[in-house]
Amino acid sequence: MTHSDPTALPDPWHSLHELLAAMDAEIEQVYIEQGIEGVRPRFVYPLIRLAHTGPLTIRELANSLGRSHSAISQTVAAMRDAGLVTSDPGPDARTRRIDLTDRGRSLVPFLEAEWRATHSTVAELDGEVPYAMTAVVDDVRRALERRSMRQRVLRHLSEPPR
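Residues numbered from 1 in each chain as written. Predicted model: local features only at pLDDT ≥ 70, side-chain atom pairs only at ≥ 80, totals over all residues. Heavy atoms only, no water.

(A) Quick look at the overall build of the chain. When its secondary structure is counted, the chain shows seven helices and three strands. For the chain, the α and β elements follow one another from N to C terminus as α-α-β-α-α-β-β-α-α-α. A compact globule built from 162 residues should have a C-alpha radius of gyration of about 15 Å, whereas the chain, at 20 Å, is more than 25% larger. Seen along its three principal axes, the alpha-carbon backbone of the chain occupies a region of about 60 × 45 × 30 Å. Per-residue burial for the chain yields a buried fraction of 23% across its 162 residues. (Helix = DSSP H or I, 4+ residues; strand = E, 2+ residues; numbered from the N terminus. Rg over C-alpha atoms; globule rule 2.2 N^0.38 Å. Buried < 20%, exposed > 50% of the residue type's maximum accessible area, 1.4 Å probe, protein only.)

As structure tokens, this is what we get:
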């Protein structure tokens, strides 16, 4: 144990996590106002993808969305609990094929419209702030390509504590 509690310092991630959670909560409120219960913003990408591809295994869905198998597996479980997808045995004993239920399919036109509206909103926000959110993400990604997060953390670990 060190002499001072490092968690007493402000969490540099807190404001970003808080902002993203608040934006998701507002999008979820749009669903509720439209009479759509039980849909979370994290469901929209996989639901739209399944509408366009047809049934996929969890691995295929995860790969098509650029997400981890674990994250999509958890999302699929939540979507299944909400009555949006089915999960049936796949081509072998280890896989499950995920498909939309009638309810899930019926929501896709609205979810596609919301997806486009959200993208327009992000573009609008990018125009209102002095430094666009999308540019920040791109700049941070480029900085991490020059020197990875892992390399940066290791460098700071090798420095004596302040």
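Right, picking up where we left off after that structure.
(B) Quick peek at the packing of helix H2 (residues 41–53) against helix H3 (residues 58–65). The contact between H2 and H3 brings their axes to 11 Å, and the two run at 110°. The orientation of H2 with respect to H3, classified from their angle, is roughly perpendicular. Facing H2, whose interface residues are Tyr45, Pro46, Arg49 and Leu50, H3 presents Leu61, Ser64 and Leu65. (Axes fitted to C-alpha atoms, helices over the stretch in contact; angles between N-to-C directions. Parallel < 35°, antiparallel > 145°, perpendicular 65-115°, else oblique. Contact = heavy atoms within 4.5 Å.)

(C) Expanded view of the packing of aromatic side chains. In the structure shown here, the tally under the stated rule is two aromatic pairs. Aromatic pair Tyr45 and Trp115: ring centres 5.1 Å apart, planes at 35°, arrangement tilted. Here Trp115 lies in helix H5 (residues 102–128) and Tyr45 lies in helix H2, a separation of 70 residues in the sequence. (Phe/Tyr/Trp six-rings, centres within 6.5 Å; stacked < 30°, edge-to-face > 60°.)

(D) Quick peek at the sheet that holds strand E2 (residues 85–89). Strand order in the open sheet formed by three strands is E1-E3-E2, with antiparallel pairing between adjacent strands. Because the sheet does not close on itself, it has two edges, and the strands there are strand E1 (56–57) and E2. In this structure, E2 lies alongside strand E3 (residues 96–100), joined through five bridges in antiparallel fashion. Paired with Ser87 across the strands is Ile98, a residue of E3. Packing of H2 onto the sheet brings it into contact with E1, E2 and E3, and relative to E3 it is tilted by some 95°. (Pairing = 2+ DSSP bridges.)

(E) Examining helix H4 (residues 69–81) more closely. Here H4 is 13 residues long and its end C-alpha atoms lie 18 Å apart, about the 18 Å a rise of 1.5 Å per residue gives. Among the residues of H4, those classed as buried are Ile72, Thr75, Val76 and Met79. Within H4, the buried residues cover an arc of 105° as seen down the axis, which keeps them to one side. Projecting away from the buried face of H4 at angles above 90 degrees are the exposed residues Gln74 and Asp81. Along its buried surface, H4 packs onto H2, H3, E2 and E3. Backbone geometry just after H4 places Gly83 at a positive phi near 75°. (Expected span 1.5 Å × (residues − 1). Arc of directions from axis to C-beta.)

(F) Structural view of helix H1 (residues 14–33). Taking 1.5 Å of rise per residue, the 20 residues of H1 would be expected to cover 28 Å, and the 28 Å separating its terminal C-alpha atoms lies within 8% of that figure. Looking one or two residues past H1, Gly35 carries a phi angle of roughly 80°, positive in sign.

(G) Quick peek at the side chain of Glu114. Its place among the elements puts Glu114 in helix H5. Salt bridges are absent for the buried Glu114, whose nearest opposite-charge side chain, Arg116, sits at 10 Å. Excluding residues that lie within four positions of it along the chain, Glu114 makes contacts with Ile27, Tyr31 and Val44. (Lys, Arg positive; Asp, Glu negative; His and termini not counted. Salt bridge = Lys/Arg side-chain N within 4 Å of Asp/Glu carboxyl O.)

(H) Local environment of the layout of surface pockets. Estimated volume of the largest pocket: approximately 1500 Å³. Lining the largest pocket we find 37 residues, and of these Leu20, Met23, Asp24, Val122 and Val137 sit closest to its centre. Mapped by element, the contributors of at least two residues to the lining of the largest pocket are H1, H2, H4, H5 and helix H6 (133–146). Per-element tally for the lining of the largest pocket: the top contributor is H1, with nine residues. Here the residues of the lining of the largest pocket sort into 25 nonpolar, six polar and six charged. (1 Å grid on protein atoms, 1.4 Å probe; cavity = no way out; pocket = protein on both sides within 12 Å on 5 of 7 lines; lining within 4 Å. Points joined across faces, edges and corners; volume = space filled by probe spheres on them. Nonpolar A, V, L, I, M, F, W, Y, C, P; charged D, E, K, R; others polar.)

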